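Given next are the chains, with one letter for each unit.
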Amino acid sequence: MIVLGLESSCDETAAAVVTAEGEILSNVVLSQVEEHAPFGGVVPEIAARAHVTQMDRLVAQAMKQAGLEFSDLDGVAATAGPGLIGGVLVGLMTAKSISAVTGAPLIGVNHLEGHALTVRMTDKIAFPYVLLLVSGGHSQILVVEGVGKFRRLGTTIDDAVGEAFDKTAKLMGLGFPGGPAVEKYAAKGDENRFSLPRPMKGKPGCDFSFSGLKTAVRQCLESLGDHVTEQDKCDLAASFQKAAIESLLSRTGQALKIVRSDHPDCQNVVIAGGVAANMALRKNLDALVQEHGFKLVVPPPALCTDNGAMIAWAGIERLQLGLTDTLDMSAKARWPLDPDAEPAPFAGYKA
Ligand code: KG4
Ligand code: ZN
C-alpha cells in the first residue's frame, strides 16, 4: 500500500510518499521561514500564497523521487485541519483533485494525529502510549489509544510552549524561529541568574500555561535597561528555558501518575512537535519518564517538525481501517483530537 501525503497547515509546504511498511520513498519539505522572518512570526496570508505557489511543484518532486506515477497510489492524504485555514485549503484541494482524477481514495488527516502516529512508522510501537505534543501551535498531553482514539489529559490554557520560545527570542531580537536560537543562547548562559515563574508547577491536573512566563521575560528585559549585553541575553535565555522545561516536566509527571493507574499496559512516552528538537528538554524528560517506569521514544528531529511523511503515514493507518473521506470534506481551522475532553479553563484554549 502506497500513500501520498500533503501538509500545508502552517509554514511548511510538504509532500511525501510512504508505504504501509513505513518506508519513506520521498519526503520533500519547503520551509517558509525566510518569507515570515521579517515579521517575527507566521503571517497567514503570506503562508497561504506561498503554499499555492509551491504545492504542485512539491507534489511532482515527491512523486518523481519516489519513482511513481499517480496511478500507483492507493490513497491521497492531506492535512484537513487544524491550522491556518488558507493553507489547509491548498493541501486539501490538491489532494481532492488528485483523488478525483486517479480514483485513489481521499484521506483527510488531522494534523495532530499525524504527529501522534509518526512514532508507529519509525519505531513500530503499539497502542496505547503517552504523547507530549509540543510545537508552535500546540502543547498537549494525550493518551493515544488507537487511530482516531485519544484521551487528552492536559492542554495549554493560553500560549503554546513553542510560541513562548518564539516570543522570548523576538523580545531579545534573536531571530525567527525562536526555539533553536533560544536553545543556542541558553547553552552559554547562567540558568539561575533570573528568577522566573514555573507556570502551573505543583497545581492539580495536567494543563499548561506559558503566557505569564513570557510576560516575566519581558519584565526582566525591561529591568536591564538600554544596555542589554550578549551575556544578559544568554542568561535570560537559559533562565527561560529552565523555567519552561520545569513547567513541562511537572505537568508530564502528573499525567504519568494518572496513566500508571488508568492504563497499566502503557509503557512508552512519545515526544513530538518542533520543541521536541530541544536537547535540554529531551534529556530532562528522559530522566523523568524513567523515574515513572516508562520509556521515552523520540522520532528523528526531521519527523518531529511538520512534514508530509507523517500525514502520509496517518493516511495509511486510516486507509487500512477503511477510514476514507469524500470529496465534500471541509477544511477545519479547529479540530480537537479528543472532542470529549473538558475545555481548558480559560479562553485561550487551542484545538
Ligand atoms: O511542529 P513545528 O515545526 O510547527 C508547528 O508549530 O506545528 O514547531 C515549530 C516550533 C516553533 O515554535 C519553534 O520555535 C519550536 O518549534 N522549536 C524549538 C526548537 N526547535 C524548534 N523550541 C525549542 N528548542 C528548539 N531547539
Ligand atoms: Zn505540527
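Up top is the structure these notes are about.
Here is a short report on the structure shown in this document. This is a predicted model, so every value here is computed, not measured.

## Examining the overall build of the protein
Within the protein, the secondary structure is distributed over 11 helices and 10 strands. A compact globule built from 351 residues would reach a C-alpha radius of gyration of about 20 Å, and the protein, at 20 Å, matches this within 12%. By its C-alpha atoms, the protein is 60 × 50 × 35 Å across when sized along the principal axes. Across the protein, contacts joining residues at least 24 apart in sequence account for 75% of those joining residues at least 6 apart. As presented, the protein carries roughly 14300 Å² of accessible surface, and 54% of it is formed by carbon and sulfur atoms. Looking at charge distribution, the protein has the averaged site of its 31 positive side-chain charges lying 5 Å from that of its 40 negative ones.

## As for the sheet that holds strand β5 (residues 106–110)
Strands sit in the order β3-β2-β1-β4-β5 across an open sheet of 5 strands; the sheet is mixed. Sheet topology places β3 (24–31) and β5 at the edges, where each strand pairs with a single neighbour. In this sheet, neighbouring strand axes are inclined to one another by 20 degrees on average, regardless of whether the strands run parallel or antiparallel. Pairing of strand β1 (residues 2–7) with strand β4 (residues 75–81), which is carried by 4 bridges, proceeds in the parallel orientation. Each residue of the ladder has a partner; that of valine 3, found in β4, is glycine 75. Relative to the sheet, helix α2 (residues 44–66) contacts β1, β2 (12–19) and β3, its axis offset from that of β2 by approximately 25 degrees.

## Some remarks on the site of ligand 1
Within the structure, ligand 1 sits among 17 residues, and Gly136, Asp166, Gly179, Glu183 and Gly274 are positioned closest to it. Taking glycine 162, its main chain carries an N or O atom lying 3.1 Å from an oxygen atom of ligand 1. Residue glutamate 183 places a side-chain N or O atom 2.8 Å away from a nitrogen atom belonging to ligand 1. When contributions to the shell around ligand 1 are tallied by element, the ones reaching two or more residues are α5 (161–171) and α6 (178–186).

## Overview of the pairing of β3
In this sheet, β3 lies alongside β2 in antiparallel orientation, the contact comprising 7 bridges. Residue pairing across strands places threonine 13 opposite leucine 30, the latter belonging to β3. Taken together, β2 and the strand that follows it, β3, pair antiparallel across an intervening segment of 4 residues, in which glycine 22 is found at a positive phi of about 90 degrees.

## With respect to a nonpolar patch on the surface
On the surface, Ile85, Leu89 and Met93 cluster together into a nonpolar patch covering about 250 Å² of accessible area. Judged by its relative accessible area of 38%, isoleucine 85 falls in the partly exposed class.

What counts and what doesn't
- Residues numbered from 1 in each chain as written.
- Chains lettered and ligands numbered in written order.
- Predicted model: local features only at pLDDT ≥ 70, side-chain atom pairs only at ≥ 80, totals over all residues.
- Heavy atoms only, no water.
- Helix = DSSP H or I, 4+ residues; strand = E, 2+ residues; numbered from the N terminus.
- Rg over C-alpha atoms; globule rule 2.2 N^0.38 Å.
- Contact = heavy atoms within 4.5 Å.
- Areas by Shrake-Rupley, 256 points an atom, 1.4 Å probe, with all protein chains shown as cover.
- Lys, Arg positive; Asp, Glu negative; His and termini not counted.
- Charge placed at Lys NZ, Arg CZ, Asp CG, Glu CD.
- Pairing = 2+ DSSP bridges.
- Axes fitted to C-alpha atoms, helices over the stretch in contact; angles between N-to-C directions.
- Near = heavy atom within 4 Å.
- Polar contact = N/O pair within 3.5 Å; in protein donor to acceptor, adjacent residues only side chain to side chain.
- Patch = residues over 30% accessible without salt bridge, like charges linked within 9 Å, V, L, I, M, F, W, Y side chains within 5 Å.
- Salt bridge = Lys/Arg side-chain N within 4 Å of Asp/Glu carboxyl O.
- Buried < 20%, exposed > 50% of the residue type's maximum accessible area, 1.4 Å probe, protein only.

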